Amino acid sequence: EEAHNYAPEGKGGGALSARELRRIASEGRKFHAGLLVITQRPAYVSKDVLAQCNTSAVFRLVNNNDLKAIEGSIEMVTQAQLEEIPAYEQGQCLITGVGVREPVTVKIE
């Protein structure tokens, strides 16, 4: 939770926690270690960490910077799907990555 505090983008990215989280994100798979990155502000999370996320669940985002951050870090998503994200209802999200065959919008009750 609040990943932007532990792996911040920009100048704060030099913190010990940020260096180690970047390392776990990029090298953890070979040690069978995973990383769950949770934040309400993806624009504030290290782009190196976001880029290593294999599966993403993107809930409602309205801030353009946050939308651009996830657009640059998730794969196989159409522009139309990205444009729907600000209108998502509570519990609705876009799941994409290796965890699904193709991006899918779901509603979690």
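Note that this is a predicted model, so its numbers are computed, not measured.

Draft legend 1. Focus on the side chain of Thr96. With respect to the helices and strands, Thr96 occurs in strand β2 (residues 92-97). Reaching out from Thr96, the side chain makes a polar contact with the backbone oxygen of Glu75 at a distance of 2.9 Å.

Draft legend 2. Fine view of unusual backbone geometry. Backbone geometry places His32, a non-glycine residue, at a positive phi of 60°. Looking at the element boundaries, His32 is found in the loop between α1 (16-27) and α2 (47-51). Phi at Met76 takes a positive value of approximately 60°, unusual for a residue other than glycine. For Met76, a relative accessible area of 49% translates into the label partly exposed.

Draft legend 3. Region of interest: the side chain of His4. Within the element layout of this structure, His4 appears in the segment before α1. A distance of 2.8 Å separates polar atoms of two side chains, one belonging to His4 and the other to Thr39. Excluding residues within four positions of it along the chain, His4 makes contact with Thr39, Arg41, Tyr44 and Val45.

Draft legend 4. Here's a closer look at the nonpolar core. Grouped together as the largest cluster of nonpolar side chains are 10 residues: Val58, Leu61, Leu67, Ile70, Ile74, Val77, Leu82, Ile85, Tyr88 and Leu94. Not counting residues up to four positions away in its chain, the partners in contact with Ile74 are Ser56, Leu82 and Thr96. Judged by nonpolar contacts, the second largest core, of eight residues, contains Val45, Val49, Leu50 and Ala69.

Draft legend 5. Just the sheet that holds strand β1 (residues 55-59), in detail. The three strands lie next to each other as β1-β2-β3, forming an open sheet whose pairing is antiparallel. Every other strand in the sheet has two partners, leaving β1 and β3 (104-107) as the edge strands with one partner each. Direction aside, neighbouring strands of the sheet carry axes that sit 30° apart on average. Direction of pairing for β1 relative to β2: antiparallel, over a ladder of five bridges. Counterpart to Phe59 in the pairing with β2 is Cys93.

Draft legend 6. Molecular detail of the packing of aromatic side chains. One pass over the structure, following the stated rule, counts zero aromatic pairs. Lying across the ring of Tyr44, Arg41 places its NZ or CZ 4.4 Å from the centre.

Draft legend 7. The pattern of salt bridges, seen in detail. Within the structure shown, the criterion is met by four salt bridges. In this structure, Glu9 and Lys47 form a salt bridge, with 3.9 Å as the shortest nitrogen-oxygen distance. With Glu9 in the segment before α1 and Lys47 in helix α2, the pair connects residues that are 38 residues apart, well separated along the chain. On the basis of relative accessibility, which here comes to 48%, the residue Lys47 falls in the partly exposed class. The closest approach of N and O atoms between Glu27 and Arg23, which form a salt bridge, is 3.6 Å. Here Glu27 pairs with Arg23, and both are found in helix α1, just four residues apart, close to one helical turn. For Arg23, a relative accessible area of 48% corresponds to the partly exposed category.

Calculation rules
- Residues numbered from 1 in each chain as written.
- Predicted model: local features only at pLDDT ≥ 70, side-chain atom pairs only at ≥ 80, totals over all residues.
- Heavy atoms only, no water.
- Helix = DSSP H or I, 4+ residues; strand = E, 2+ residues; numbered from the N terminus.
- Polar contact = N/O pair within 3.5 Å; in protein donor to acceptor, adjacent residues only side chain to side chain.
- Buried < 20%, exposed > 50% of the residue type's maximum accessible area, 1.4 Å probe, protein only.
- Contact = heavy atoms within 4.5 Å.
- Core = buried A, V, L, I, M, F, W, Y, C linked by side-chain atoms within 4.5 Å.
- Pairing = 2+ DSSP bridges.
- Axes fitted to C-alpha atoms, helices over the stretch in contact; angles between N-to-C directions.
- Phe/Tyr/Trp six-rings, centres within 6.5 Å; stacked < 30°, edge-to-face > 60°.
- Lys NZ or Arg CZ within 6 Å of the ring centre and 35° of its normal.
- Salt bridge = Lys/Arg side-chain N within 4 Å of Asp/Glu carboxyl O.

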